[in-house]
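Observations on chain architecture
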Amino acid sequence: MSVYGLHRTAFDSCLVAVIFVASAVTVFLVFYAPSSPTVWFIPPSFSASSTIFSSTKPYLSSASPLYFPAPLDPSPSSSPAPVPNSDLIFTFQQDYQGHEPFVYTSSSSPAPAEEGDSIASDSKAPSFTAVRGNSVNGETRMQSGDAKALPSEPKAASVLTKVDEELLYAKKEIERAPIVYDDPELYAPLFRNVSTFKRSYELMERILKVYIYSDGPMPIFHTPQLKGIYSSEGWFLKLMEENQKFVVKDPSKAHLFYLAYSSRKLEEALYKPNSHDMKPLLLFLKNYVNMLSTKYPFWNRTKGADHFIVACHDWGPYTTKWHPEFRKNTIKALCNADVSEGVFVRGKDVSLPETNIRMPKKPLRDIGGKRVSQRPILAFFAGNMHGRVRPILLDYWSGKDDDMKIYGSLPSDISKKMSYIEHMKSSKYCICPMGYEVNSPRIVEAFYYECVPVIIADNFVLPFEELLDWSAFSIVIAERDIPRLKEILTGISLRRYIYLQANVKRLQKHFLWHSLPVKYDIFHMILHSIWFNRLNQINTNAQ
Ligand SMILES: *[C@@H]1O[C@H](CO)[C@@H](O)[C@H](O)[C@H]1NC(C)=O
Ligand SMILES: *[C@@H]1O[C@H](CO)[C@@H](O)[C@H](O)[C@H]1NC(C)=O
């Protein structure tokens, strides 16, 4: 008895201590946590501007229980016309009012889709007539299918479907995520809030189902390209279409709908070189979305808010602009995550890491780098001169200082002695200035070669920014601070540098492609951010 009593007492005092510590932590967080408790993951810097999130419209006001469309902006004049390339000036209208035919006829003779394309996901839509593009005399045609094959629309708008309930459940569970202090697979300092991430990831694994539309002509759709700087859209496409765990054949079970196209293939198929004309690409996507929204009931339920794309080409964001709902509501995982262009929206869209895969059979080749003591170069950059930032960088630093190895394209007498990759492995800091667009494959390369990235791209939303704490493993420098680059880098203590570099190594696994995806790898990080941001868009004050 007395022994038991003693144990109990010890246990009780332990419990009291735990409760005391927990309340102290809670009190601390209540007073010092930077973000308001209702906005559970948007950092204060951009929570205020999230109009969809802060919507106060009554719940169940429309046929889309989990979505409150913000009023469509009829004149998106605030966003400047994109100038992705100084010798490619696009002059498309943003509000295209023409009554273009449903069938897109290319004036630029697009690469014809192959007759009778078979698509990887053929078997994924048993309840619908599979529709795919046919090429007829050079026209890329998207046909409407047999409407009778479609399921009827959800009847009562005010009734939550099982899918809606699952999303609401997941969102509430994430809001009350148990606190994680130490997790063998997740290094907490890399994350804004590791508890939130861990819980959200678990729920994704348990709940999330994705439907992939089989519609769409090849090669624009269902044709992954696994090599080069646009490969992250291709890898995602391939791994998603092969996935058994998340993909469902029955769309009524889906929380998300994937438009499985490649922005790179879209450009290759429909952009006429030197035409300076992006219209065919815009029109193609507009017609595609119109076709989906007519043929299936799913688009209209949320006006595209539970649909997503994954696009790494520079033009990814611009090519969505002609379909207002597609542009505004659809979740876009974009390499070109530029908030100043008027398409990418923080908290809804996902900044897709740009990965330069040189050998698709061996995506992990060359991964790794030298120890800190064997990194003699303070800062390294080599690359072509485009965009506004790089010329300034070269102006200030090229050939000026032995610690700063800043080049245009790497001169061959230097690359013969030491390759580009060897340079990254031998440098403390790898400079990642924007090019024409804000993103650069150098950031992920820096992670691969264990170099601390120095990002210079105002307006860039960093990959997975909603989850990762970029200050733990990178340096972000404002464009105007380029003249102070060396001063800033040398001002970072060795101790701090070692911390940053060790974190880069810990972070690496979240940016690796595997032919068979593994837990917490880049495939899952991308899918998770799409899931997380979808939950961000729904309203929990429902019941
Ligand atoms: C992380 O999120 C959880 C769940 O919302 C919250 O209870 C906790 O206070 C957050 N931790 C930090 C460090 O903000
Ligand atoms: C969805 O809405 C559009 C535009 O309002 C309409 O043309 C289309 O027929 C609707 N789709 C379905 C399947 O009802």
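Residues numbered from 1 in each chain as written. Chains lettered and ligands numbered in written order. Predicted model: local features only at pLDDT ≥ 70, side-chain atom pairs only at ≥ 80, totals over all residues. Heavy atoms only, no water.

What about helix H5 (residues 231-242)?
One turn of the α-helix equals 3.6 residues, which is why residues spaced by three or four share an orientation. Taking 1.5 Å as the rise per residue, H5 with twelve residues should run 16 Å; its terminal C-alpha atoms sit 16 Å apart, in good agreement. Among the twelve residues of H5, ten are classified as buried, and the element is accordingly described as predominantly covered. Of the surrounding secondary structure, the elements contacted by the buried residues of H5 are strand S3 (210-212), strand S4 (256-258), helix H6 (263-270), strand S5 (307-311) and helix H16 (522-537). (Helix = DSSP H or I, 4+ residues; strand = E, 2+ residues; numbered from the N terminus. Expected span 1.5 Å × (residues − 1). Buried < 20%, exposed > 50% of the residue type's maximum accessible area, 1.4 Å probe, protein only. Contact = heavy atoms within 4.5 Å.)

With respect to the pairing of strand S8 (residues 377-381)
Counting buried positions along S8 gives five out of five residues, so the element sits mostly inside the fold. Bridging between S8 and strand S10 (residues 427-433) involves three bridges; their strand directions are parallel. Note that in S10 the partner of alanine 379 across the bridge is tyrosine 429. Of the pairings in the sheet, the one linking S8 to strand S9 (residues 404-406) comprises three bridges and is parallel in character. Considered in S9, the bridge of alanine 379 is made with methionine 404. Crossover S8 to S9 through helix H10 (residues 389-397) is right-handed. (Pairing = 2+ DSSP bridges. Right-handed = clockwise from strand over helix to strand, strands pointing away.)

Remarks on the environment of methionine 525
Assignment of secondary structure puts methionine 525 in helix H16. Put simply, methionine 525 and proline 463 are 62 residues apart on the chain and 9.9 Å apart in space, counted from C-alpha to C-alpha. When sequence neighbours within four positions are dropped, the list of residues in contact with methionine 525 reads Phe197, Phe464, Leu468, His510 and Tyr520.

Some details on the packing of aromatic side chains
A complete count under the given rule lists 29 aromatic pairs for this structure. Taken together, a centroid distance of 4.7 Å and an interplanar angle of 15° make the contact between phenylalanine 191 and phenylalanine 197 stacked. Grouping residues by exposure puts phenylalanine 191 and phenylalanine 197 together as buried. Ring geometry for phenylalanine 221 against phenylalanine 284: centres 6.2 Å apart, planes inclined by 40°, an arrangement best described as tilted. Remark: phenylalanine 284 occurs in helix H7 (residues 279-295) and phenylalanine 221 occurs in the loop between S3 and H5; sequence separation between them is 63 residues. Phenylalanine 284 matches phenylalanine 221 in its accessibility class, with the two residues each being buried. (Phe/Tyr/Trp six-rings, centres within 6.5 Å; stacked < 30°, edge-to-face > 60°.)

Let's talk about the state of the cysteines
Counting across every chain of the model gives two disulfides. Disulfide partner of cysteine 312: cysteine 335, at an S-S distance of 2.1 Å. Between cysteine 312 and cysteine 335 the sulfur-sulfur dihedral comes to about -95°; the bridge is accordingly left-handed. Of this pair, cysteine 312 sits in the loop between S5 and helix H9 (324-328) while cysteine 335 is found in the loop between strand S6 (331-334) and strand S7 (350-351), placing the two residues 23 residues apart along the sequence. Grouping residues by exposure puts cysteine 312 and cysteine 335 together as buried. A sulfur-sulfur distance of 2.1 Å marks the disulfide that ties cysteine 430 to cysteine 451. Measuring handedness by torsion sign, the sulfur bridge of cysteine 430 and cysteine 451 sits at about 110° and is right-handed. Of this pair, cysteine 430 sits in strand S10 while cysteine 451 sits in the loop between helix H13 (442-448) and strand S11 (452-456), and the two are 21 residues apart along the sequence. Residue cysteine 430 shares its accessibility class with cysteine 451, and that shared class is buried. What links to what in the chain: the bonded cysteines, counted in sequence order, pair as 1-2, 3-4. A disulfide-free cysteine, cysteine 432 has its sulfur positioned 6.6 Å from the sulfur of cysteine 430, the nearest such atom. (Disulfide = S-S within 2.5 Å.)

With respect to helix H15 (residues 494-507)
Over its 14 residues, H15 runs 20 Å from end to end, which matches the ideal 20 Å to within 8%, given 1.5 Å per residue. Looking at H15, one finds that the buried residues are Tyr497, Leu500, Gln501, Asn503, Val504 and Leu507. Buried residues of H15, viewed axially, fall in a sector of 160°; they line one side. Projecting away from the buried face of H15 at angles above 90 degrees are the exposed residues Leu494 and Arg495. Buried residues belonging to H15 abut S10, H13, S11 and strand S12 (475-476). (Arc of directions from axis to C-beta.)

Observations concerning the confidence of the model for the chain
Low pLDDT means the predicted coordinates in that region are not meant to be read closely. Across the chain, the average pLDDT comes to 79, with 70% of residues at or above 70. Of the regions scoring below 50 in pLDDT, residues 1-19 engages in zero contacts with residues more than four places distant in sequence or in other chains. Overall, residues 68-156 carries pLDDT values under 50, and its contacts beyond four positions in sequence, including any with other chains, amount to 170 contacts. (pLDDT = per-residue confidence, 0-100.)

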